[in-house]
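What follows is the residue order along each chain.
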Amino acid sequence: FMTLGLAQAQHKPESSLLIFNVGFTEASPEDSDNNLSGNTFSLNYEKSDWKGRLAGGFAIAYSTTSADSLNAAGQELQRLNSASYEVVPILLYGKVLFGSPKAKGYVGGGFGIQFSNIKYFTQNVQVTDRESGFLVGGVAGAARPGPMDRLRGACRAGATGPRKLP
């Protein structure tokens, strides 16, 4: 994944994070021998408390995948026995962070809704279906604070730069 993250370094007792991800995705449809490949885009907004123990936010994504059939010579036959999926999940989540300032672990969960658009193409027929459903998920992981986190910590502590100890 290629990630672009924008963080606000604030002197307030909280922090906010806006993340935009662009990447590649692969799907394995039920009753199919072929995997579908495509792209995914997601936007996350997260806000945490001043001690960095609790965080929460929302995420929205768009993923699209497709595959075409191959003939006996291995050439793609566009729109013949092919499939495509479009998926838009919208999620609200929260997480609890724990550990030292040098390395943090986290656990969390979320819920939301997902919308799907599915298209199948055969020789003479196109089948389209739209679905939606409830989405529930969990997460666990580890993170190491980056340079912006260390800068935020120094600003909160009132540090102005390196000092010699007496």
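Keep in mind the model is a prediction, meaning the values are calculated, not measured.

**Observations regarding the overall build of the chain**
Thought 1: On a plain count of helices and strands, the chain comes out with 1 helix and 9 strands.
Thought 2: For the chain, the succession of helices and strands along the chain, N to C, is β-β-β-β-β-β-β-β-β-α.
Thought 3: Per-residue burial for the chain yields a buried fraction of 23% across its 166 residues.
Thought 4: Summarising the internal contacts of the chain: among those between residues at least 6 apart in sequence, 50% fall at separations of at least 24.

**Description of the environment of E86**
Thought 1: Tracing the backbone through its elements, the reader meets E86 in strand 7 (residues 82-100).
Thought 2: Discounting residues that sit within four places of it in the chain, E86 has contacts with Y62, S63, T64, F115, S116 and N117.
Thought 3: Separated by 2.9 Å, the side chains of E86 and Y62 make a polar contact.

**Some details on the packing of aromatic side chains**
Thought 1: Scanning the entire structure with this criterion turns up 1 aromatic pair.
Thought 2: Where Y45 meets F58, the ring centres are 6.2 Å apart and the plane angle is 35 degrees; that geometry is what we call tilted. With Y45 in strand 3 (residues 36-49) and F58 in strand 4 (residues 54-67), this pair connects stretches of sequence that are 13 residues apart.
Thought 3: By relative accessible area, which is 30% here, Y45 ends up partly exposed.
Thought 4: What makes F58 partly exposed here is its relative accessible area of 37%.
Thought 5: For the cation-ring pair, K95 lies above Y106, with the distance from its terminal atom to the ring centre recorded as 4.6 Å.

**Section: the pairing of strand 7**
Thought 1: Examined bridge by bridge, strand 4 and strand 7 share 12 bridges and lie antiparallel to one another. Each bridged residue has a counterpart across the sheet, and for A59 the counterpart in strand 7 is L91.
Thought 2: The pairing of strand 7 with strand 8 (residues 103-121) spans 19 bridges and is classified as antiparallel. Bridge pairing links Y93 to G110 in strand 8.

**Topic: the nonpolar core**
Thought 1: If you look at the biggest cluster of nonpolar residues, it comprises 5 residues: L36, A67, A83, Y85 and I118.
Thought 2: Sequence-distant contacts of A67, that is, excluding residues within four places in its chain, are made with N35, L36, S82 and A83.

**A short note on the confidence of the model for the chain**
Low pLDDT marks stretches whose predicted atomic positions should not be read closely.
Thought 1: Mean pLDDT over the chain stands at 76; residues scoring 70 or higher make up 67%.
Thought 2: Within the model, pLDDT remains below 50 along residues 1-12, and this stretch shows 28 contacts once partners closer than five positions in the same chain are excluded.

**Section: the side chain of K95**
Thought 1: Among the secondary structure elements, K95 is positioned in strand 7.
Thought 2: On the basis of relative accessible area, K95 is assigned to the buried category, the value being 18%.
Thought 3: At a separation of 3.3 Å, a polar atom in the side chain of K95 contacts the side chain of E46.
Thought 4: In this view, K95 contacts E46, R53, L54, A55, Y106, V107 and G108; residues no more than four positions away in its chain are not counted.

**What to know about the pattern of salt bridges**
Thought 1: Under the criterion given, the structure shown has 1 salt bridge.
Thought 2: Measuring nitrogen to oxygen at the nearest pair gives 3.3 Å for the salt bridge that ties E46 to K95. With E46 in strand 3 and K95 in strand 7, this pair connects stretches of sequence that are 49 residues apart. The same class applies to E46 as to K95, namely buried.

Definitions and limits used
- Residues numbered from 1 in each chain as written.
- Predicted model: local features only at pLDDT ≥ 70, side-chain atom pairs only at ≥ 80, totals over all residues.
- Heavy atoms only, no water.
- Helix = DSSP H or I, 4+ residues; strand = E, 2+ residues; numbered from the N terminus.
- Buried < 20%, exposed > 50% of the residue type's maximum accessible area, 1.4 Å probe, protein only.
- Contact = heavy atoms within 4.5 Å.
- Polar contact = N/O pair within 3.5 Å; in protein donor to acceptor, adjacent residues only side chain to side chain.
- Phe/Tyr/Trp six-rings, centres within 6.5 Å; stacked < 30°, edge-to-face > 60°.
- Lys NZ or Arg CZ within 6 Å of the ring centre and 35° of its normal.
- Pairing = 2+ DSSP bridges.
- Core = buried A, V, L, I, M, F, W, Y, C linked by side-chain atoms within 4.5 Å.
- pLDDT = per-residue confidence, 0-100.
- Salt bridge = Lys/Arg side-chain N within 4 Å of Asp/Glu carboxyl O.

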